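Each chain, written out:
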Amino acid sequence: QRRLQIGDRLESVRQDISYGIRTLRRSPILTSLSILILAVGIGSNAAIFSVLEAVFLKPLPFPQPLELVFVWNRDIRTGGRGPATFPDFRDWREQNQSFEEIGALMRSRANLTGGEHTERIPIGWVTAGLFNTLGIQPAEGRGFLPGEDGPDAEPLVVISHGFRERHFGPESEAIGETLLMNDVSWTVVGVLPPEVESIAGWQAEVWPAMQLQTPPRRGPFSFLAIGRLREGVSIEESASDLTAISERIFPLWADSFQDAEARLTPFSLKGIMIGNAGASLALLFGAVLFVLFIALTNVANLSLAHAATREREVALRTSLGATRGRLTRQMLVESLLLALLGGLGGLLLSTAALDLLLAM
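None of these values were measured; they are calculated from a predicted model.

Peer 1: Mind showing me how you'd approach the overall build of the protein here?
Peer 2: Of the regular secondary structure elements, the protein holds 10 helices and 11 strands. A total of 360 residues make up the protein; the buried ones form 41% of that total. For the protein, the share of sequence-separated contacts (at least 6 apart) that also reach a separation of at least 24 residues comes to 76%. Carbon together with sulfur atoms contributes 59% to the accessible area of the protein, which is approximately 20200 Å² in total.

Peer 1: Would you mind showing me how to read the packing of aromatic side chains here?
Peer 2: The relation between two aromatic rings is expressed through the spacing of the ring centres and the mutual angle of the planes. Tallied over the full model, the rule gives eight aromatic pairs. Note on Phe 89 and Trp 92: the rings are 6.1 Å apart at their centroids and 75° apart in plane angle, and the pair reads as edge-to-face. Separated by three residues within a single helix, Phe 89 and Trp 92 lie in helix 3 (residues 86-95), roughly one turn from each other. Relative to Trp 186, the ring of Trp 125 has its centre 5.5 Å away and its plane inclined at 65°; by these criteria the two rings are edge-to-face. You can see Trp 125 sitting in strand 4 (residues 119-126) and its partner Trp 186 sitting in strand 8 (residues 184-191), a full 61 residues away along the chain. What makes Trp 186 buried here is its relative accessible area of 4%. Aromatic ring contacts, followed pair by pair, group Phe 86, Phe 89, Trp 92, Phe 99 and Phe 223 into a single cluster.

Peer 1: Where do I start with the side chain of Asp 88 in this structure?
Peer 2: Here Asp 88 lies in helix 3. Looking at Asp 88, the relative accessible area reads 2%, which means it is buried. A polar contact is formed between the side chain of Asp 88 and the side chain of Thr 85, at a distance of 3.0 Å.

Peer 1: Just to check I follow, could you spell out the pattern of salt bridges for this structure?
Peer 2: As enumerated under the stated definition, the model contains eight salt bridges in all. Its salt-bridge partner being Glu 67, residue Arg 228 comes within 3.4 Å of it at the nearest N-O pair. Taken together, the residues Arg 228 in strand 10 (residues 224-229) and Glu 67 in the loop between helix 2 (28-57) and strand 1 (68-75) connect sequence positions 161 residues apart. With relative accessibility at 7%, the residue Arg 228 sits in the buried group.

Basis of the calculations
Residues numbered from 1 in each chain as written. Predicted model: local features only at pLDDT ≥ 70, side-chain atom pairs only at ≥ 80, totals over all residues. Heavy atoms only, no water. Helix = DSSP H or I, 4+ residues; strand = E, 2+ residues; numbered from the N terminus. Buried < 20%, exposed > 50% of the residue type's maximum accessible area, 1.4 Å probe, protein only. Contact = heavy atoms within 4.5 Å. Areas by Shrake-Rupley, 256 points an atom, 1.4 Å probe, with all protein chains shown as cover. Phe/Tyr/Trp six-rings, centres within 6.5 Å; stacked < 30°, edge-to-face > 60°. Polar contact = N/O pair within 3.5 Å; in protein donor to acceptor, adjacent residues only side chain to side chain. Salt bridge = Lys/Arg side-chain N within 4 Å of Asp/Glu carboxyl O.

Here is the structure:
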């Protein structure tokens, strides 16, 4: 008896779905317009929320990312900020009391030769401690050891997973191989995990160890210095530590650069990486939420207008014995069909919209 009842209910739902499809096909303009409006509202929201989730909600791919800070030069008069220099980084590393690990990165490009043709590839010069600072462990081989970023050190590189696949092949052994970059032979000592596609916002294929020389002057201002705070140390406490260091070291370089109003200042790593995109994304998200509200209102109005034209149909079905519950279920099935088609359209539209957002 129970099986018969379940079978009758399933058959009833199948009839509702079949009837709902025929009803939608009888009004192609109304149906197409409703699906298009839903697709635009759903697709735009799905795309912008995907970006917001990646930027704001998803944590950085490093252990304890809230402990990571950029250390930049900041003008205390204007608030302007910019990268540090090697003398800044060297003295900061030697004198600080607030950081557990310290590393730095310089963005650049290099000519890769030795193959069929010369390539111009993005690279990231790194100090020996950068990978440890960020908590990045190579998937193959090792990172850099202390001292391997010195002036007389052997030229060593860590490469990205994508570069390894493209340059050496997925089955070949990359560790110990050499790369000819800018006419210098570099030995591969490690391969980064596939999920590490960029570091501090810079997507490079090769990460060579810096060969730091004693600087004749303070500059150039191209060091992206990153530190990991000691346990229990706040970013405000590290700022006081860096201010004291600035007041000690900056006068030593007064002949080459006047910076009496500058201070080494810590900034949240994620905040710097997001930059001005945060306000733009928030504004855009508010706009697309408004678009979704308008879309829902329009679809609701279209559905109500369409329902008003079906009074005779509803009256006829009622006279033939259709219950109020059956009629309500029929309307819900038709609405769900519209929502499903609109959602599928929104999914397709969100893919194109996401590409556009990433380009922006």
